[in-house]
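If you want the building blocks of each chain, they are given just below.
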Amino acid sequence: MHSDIALRRRVLQRAYLRYQAADQAWVMAVRNVRAWFPAESKPGRWVIGDPGSSVRRLYEKRERARMQLEVAYLKLKVARQRMIGRRSSEQPRATLFIAAQM
């Protein structure tokens with residue numbers, strides 16, 4: 001595999017793991033917040049707290065991780081397209097074999 005593509009794949013994998021961790025932390029925080037409210041008046045997912053609250057920070061961290069994941073995916077896609085473009089633009093190489101008579 002081309003080194004540029006391998007690097008982009010590793011970056012994408014790390015971004016995905018960061019997103020998973022941030023998403024899990026946010027989901028757990030939302031569950032903990034919902035436990036504070038009675039069953040009949042539970043807030044929806046859109047309630048993420050005041051600016052500076054821990055739930056809002058987790059949501060923003062998750063959102064940054066999602067954006068980084070998207071950028072990493074697009075960079076991998078561009079690297080693959082660039083590699084395909086290089087392959088198709090390369091001229092086929094001719095190899096000359098000379099046989100020696102004995």
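Structure: see above.
The sections below set out a description of the structure shown in this document. (Residues numbered from 1 in each chain as written. Predicted model: local features only at pLDDT ≥ 70, side-chain atom pairs only at ≥ 80, totals over all residues. Heavy atoms only, no water.)

**Some thoughts on the environment of Gln24**
Relative to the elements of secondary structure, Gln24 occurs in helix 1 (residues 3-34). For the pair Gln24 and Arg62, spaced 38 residues apart in sequence, the C-alpha separation works out to 8.9 Å. (Helix = DSSP H or I, 4+ residues; strand = E, 2+ residues; numbered from the N terminus.)

**Looking at the environment of Ala79**
Tracing the backbone through its elements, the reader meets Ala79 in helix 2 (residues 54-89). C-alpha separation for the pair Ala79 and His2, spaced 77 residues apart in sequence, amounts to 9.6 Å. With residues up to four places along the chain from it excluded, the contact list for Ala79 reads Asp4, Ile5 and Arg8. (Contact = heavy atoms within 4.5 Å.)

**Thoughts on the nonpolar core**
Listed in full, the eleven residues of the largest apolar core are Ile5, Leu12, Ala15, Tyr19, Ala22, Ala65, Leu69, Ala72, Leu76, Ala79 and Met83. Of all elements in the fold, only helix 1 and helix 2 reach the threshold of two or more residues within this core. Per-element tally for this core: the top contributor is helix 2, with six residues. Discounting residues that sit within four places of it in the chain, Ile5 has contacts with Leu76, Ala79, Arg80 and Met83. (Core = buried A, V, L, I, M, F, W, Y, C linked by side-chain atoms within 4.5 Å. Buried < 20%, exposed > 50% of the residue type's maximum accessible area, 1.4 Å probe, protein only.)

**Concerning the packing of aromatic side chains**
Within this structure, the stated rule accounts for one aromatic pair. Aromatic side chains Trp26 and Tyr59 sit 5.5 Å apart centroid to centroid with 55 degrees between the ring planes, which places their arrangement in the tilted category. With Trp26 in helix 1 and Tyr59 in helix 2, this residue pair connects regions lying 33 residues apart in the sequence. Using a relative accessible area of 3% as the deciding quantity, one classes Trp26 as buried. (Phe/Tyr/Trp six-rings, centres within 6.5 Å; stacked < 30°, edge-to-face > 60°.)

**Overview of helix 1**
Compared with an ideal rise of 1.5 Å per residue, which puts 32 residues at 46 Å, helix 1 spans 47 Å between its outermost C-alpha atoms and is within 8% of the ideal. Listing the buried residues of helix 1 in full gives Asp4, Ile5, Ala6, Leu12, Ala15, Tyr19, Ala22, Trp26, Ala29 and Val30. (Expected span 1.5 Å × (residues − 1).)

**Remarks on the side chain of Asp4**
Counting through the fold element by element, Asp4 comes out in helix 1. Note on Asp4: relative accessible area 19%, which makes it buried. Side chain to side chain, Asp4 and Arg82 meet in a polar contact 2.9 Å long. Not counting the four nearest positions on each side in its chain, Asp4 is found in contact with Ala79 and Arg82. (Polar contact = N/O pair within 3.5 Å; in protein donor to acceptor, adjacent residues only side chain to side chain.)

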